[in-house]
Amino acid sequence: MAMAFPDPGFVDLHIHSTASDGSLSPLEIIHLAKELGLRAIAITDHDTIEGSAEALSQSLSSLEVLSGIEISADVPSGTMHILGYLIELDDPSLTQTLKKVQEARAHRNVGIIKKLQDLGVDITHEDVLGVSGRGQVGRPHIAQVLVQKGVVRSFGEAFLKYLKKWGPAYVPRYRLQPAEAIQMILRAGGVPVLAHPYTLAAKDEAELESSLRELKQAGLMGMEVYYSEHRPERTALFERLARRQNLLMTGGTDFHGAAKPEVQMGIGRGDLRLSYRLVEKLKEAKGRDRPKKPLVDRD
Ligand code: AMP
Ligand code: FE
Ligand code: FE
Ligand code: ZN
């Protein structure tokens, strides 16, 4: 249920659309954001700028739209997603790199469906395209088909039983290395930010800090401190680390619409309030704090 905000001026910098695994189109997201009285949003779809581009092409008065993307990086354990804000959407090297990543994703999906079929599950590529629509296809779409067909009872069970990392129907895919994802965003003029740092699954504060230090050396400029799944203790830890590592703090809900109904745009699980100040800081970072060392060239 949409709920109006008592105060204007809040932002949500982590939103998924139908261009990846969200259930609302970019236009529907804009309408909802306006209805909620948000001041700024960023659509950050997995490995694609389509959603962001579509939102930016709408002419808006009261709502500011920042360009955005969320890149999955290759890490040995845990999950690392890098958000890119204020990127130039027409950057040729961004387009080229994303194309490669998207092709790898499509290839991986074929492999997962084949594995499921070999496991005796009645599923086809068409079934998956039926739920994903025209956007990037991901494991969440496959999970949805498994639920719809009654193969599993829940989304979570689909991952637990089949799709989780190294599960029976898991197929690894080519992903950018963390430094490559960061550099791609920097080259496109954007601000790279580590998404939901808890998914790195660091065993303690020291281990997380050492990962942050490494990412910072690669050009990381910020981290997503404010997030739907961060309880106060975690938020405090991430604030502390961001300060120590001199990383700018951002925030967002990771809104996926009906695909994740417990998380609402703008407020997450109910208590997020993200100030427009976060956007101003991102703009300052884009303008001023570009890493000084020259970026390594990669073919
Ligand atoms: P993909 O990018 O296609 O590999 O899918 C990754 C997405 O699947 C993540 O962004 C999560 O939304 C979801 N996901 C990954 N692992 C799990 C899990 N164990 N349980 C539920 N959802 C998951
Ligand atoms: Fe997602
Ligand atoms: Fe993510
Ligand atoms: Zn996300």
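Residues numbered from 1 in each chain as written. Chains lettered and ligands numbered in written order. Predicted model: local features only at pLDDT ≥ 70, side-chain atom pairs only at ≥ 80, totals over all residues. Heavy atoms only, no water.

For the iron ion (ligand 3), every protein donor is listed as Glu70 (OE), His81 (ND1) and His196 (NE2), and the spread of their distances is 2.0 to 2.2 Å. Each donor residue of the iron ion (ligand 3) belongs to the same chain, with the gaps between them written as E-x10-H-x114-H. Between the iron ion (ligand 3) and the iron ion (ligand 2), a separation of 5.8 Å is found. Placement of Glu70 in strand β4 (residues 68-73) and of His81 in strand β5 (residues 80-85) is noted, with a sequence separation of 11 residues between them. (Donors = N, O, S within 2.8 Å, 3.2 Å for Na, K, Ca; no water. Helix = DSSP H or I, 4+ residues; strand = E, 2+ residues; numbered from the N terminus.)

The subject of this paragraph is the packing of aromatic side chains. For the coordinates displayed, the defined rule picks out three aromatic pairs. Summarising the aromatic geometry, the rings of Trp166 and Tyr170 are spaced 5.1 Å apart at their centres and angled 70° between planes, so their arrangement reads as edge-to-face. Above the ring of Tyr276, the side-chain terminus of Arg39 is found at 3.6 Å from the ring centroid. (Phe/Tyr/Trp six-rings, centres within 6.5 Å; stacked < 30°, edge-to-face > 60°. Lys NZ or Arg CZ within 6 Å of the ring centre and 35° of its normal.)

Another aspect to go through is the pattern of salt bridges. In the structure shown here, the tally under the stated rule is 18 salt bridges. In this structure, the salt-bridge partner of Glu209 is Arg244, at a minimum N-O distance of 2.7 Å. Taken together, the residues span a long stretch of sequence, with Glu209 in helix α8 (residues 205-218) and Arg244 in helix α9 (residues 232-244) at a distance of 35 residues. For Arg244, a relative accessible area of 46% corresponds to the partly exposed category. In this structure, the salt-bridge partner of Glu284 is Arg277, at a minimum N-O distance of 3.7 Å. Note on Arg277: relative accessible area 38%, which makes it partly exposed. (Salt bridge = Lys/Arg side-chain N within 4 Å of Asp/Glu carboxyl O. Buried < 20%, exposed > 50% of the residue type's maximum accessible area, 1.4 Å probe, protein only.)

Core analysis: the largest hydrophobic core is formed by 53 residues, its most contacted members being Leu13, Leu194 and Leu282. Counting residues per element, this core draws most heavily on helix α7 (residues 178-187), at five residues. If we ignore the near neighbours within four places in the chain, the residues touching Leu282 are Leu13, Leu66, Tyr85, Leu86, Val191, Val193, Leu248 and Thr250. Grouped together as the second largest cluster of nonpolar side chains are 18 residues, Val121, Ile142, Ala158 and Tyr162 included. (Core = buried A, V, L, I, M, F, W, Y, C linked by side-chain atoms within 4.5 Å. Contact = heavy atoms within 4.5 Å.)

Near ligand 1, the surroundings consist of His46, His81, Arg105, Arg108, Gly138, Arg139, Pro140, Phe155, Phe159, Arg173 and Arg175. Contact distances for ligand 1 include 2.8 Å between an oxygen atom and a side-chain N or O atom of Arg108. Take Arg173: an N or O atom from its side chain is 3.2 Å from an oxygen atom of ligand 1. Relative to its unbound accessible area of 500 Å², ligand 1 is 69% covered by the protein chains. When residues of the shell around ligand 1 are traced back to their parent elements, those giving at least two are α3 (92-118), α5 (139-148) and α6 (155-163). Considered class by class, the residues forming the shell around ligand 1 number three nonpolar, three polar and five charged. (Near = heavy atom within 4 Å. Polar contact = N/O pair within 3.5 Å; in protein donor to acceptor, adjacent residues only side chain to side chain. Areas by Shrake-Rupley, 256 points an atom, 1.4 Å probe, with all protein chains shown as cover. Nonpolar A, V, L, I, M, F, W, Y, C, P; charged D, E, K, R; others polar.)

What follows is about the side chain of Arg139. Mapped onto the fold, Arg139 is located in helix α5. As a buried residue without a salt bridge, Arg139 has its nearest oppositely charged side chain in Asp21, at a separation of 9.2 Å. When neighbours within four sequence positions are excluded, Arg139 is seen to be in contact with Arg108, Ile112, Phe159, Leu163, Lys164, Lys165, Tyr170 and Arg175. (Lys, Arg positive; Asp, Glu negative; His and termini not counted.)

With six of six residues buried, β5 lies mostly within the body of the structure. Of the two faces of β5, the one lined by Met80, Ile82 and Gly84 and the one lined by His81, Leu83 and Tyr85 are each fully buried. Counted along the chain from β4 to the antiparallel partner β5, the turn is six residues long, and its residue Gly78 has a positive phi close to 70°. As paired strands, β5 and strand β6 (residues 191-194) are joined by four bridges and run antiparallel to one another. Bridging from a neighbouring strand, Ile82 pairs with Leu194 of β6. (Pairing = 2+ DSSP bridges.)

Turning to the coordination of the iron ion (ligand 2), a few remarks are in order. Those donors, Asp21 (OD), Asp21 (OD), His46 (NE2) and His256 (NE2), are the protein atoms that reach the iron ion (ligand 2), and they lie 2.1 to 2.8 Å from it. One can describe the donor arrangement at the iron ion (ligand 2) as irregular, given that its four donor atoms subtend angles of 51 to 131° at the metal. Written as a sequence motif, the donor arrangement for the iron ion (ligand 2) is D-x24-H-x209-H. (Tetrahedral: all angles 85-135°; square planar, octahedral: opposite > 155°, others 65-115°.)

Our next topic: the sheet that holds strand β1 (residues 11-15). Strand order in the open sheet formed by three strands is β1-β2-β3, and the pairing between neighbours is parallel. Strands with a single pairing partner mark the edges of an open sheet, and in this sheet they are β1 and β3 (64-66). The mean angle between the axes of side-by-side strands here comes to 20°, regardless of whether they run parallel or antiparallel. In this sheet, β3 lies alongside strand β2 (residues 40-43) in parallel orientation, the contact comprising three bridges. Of the residues in β3, the one forming a bridge with Ala42 is Leu66. Packing of helix α1 (residues 26-35) onto the sheet brings it into contact with β1 and β2, and relative to β2 it is tilted by some 160°. (Axes fitted to C-alpha atoms, helices over the stretch in contact; angles between N-to-C directions.)

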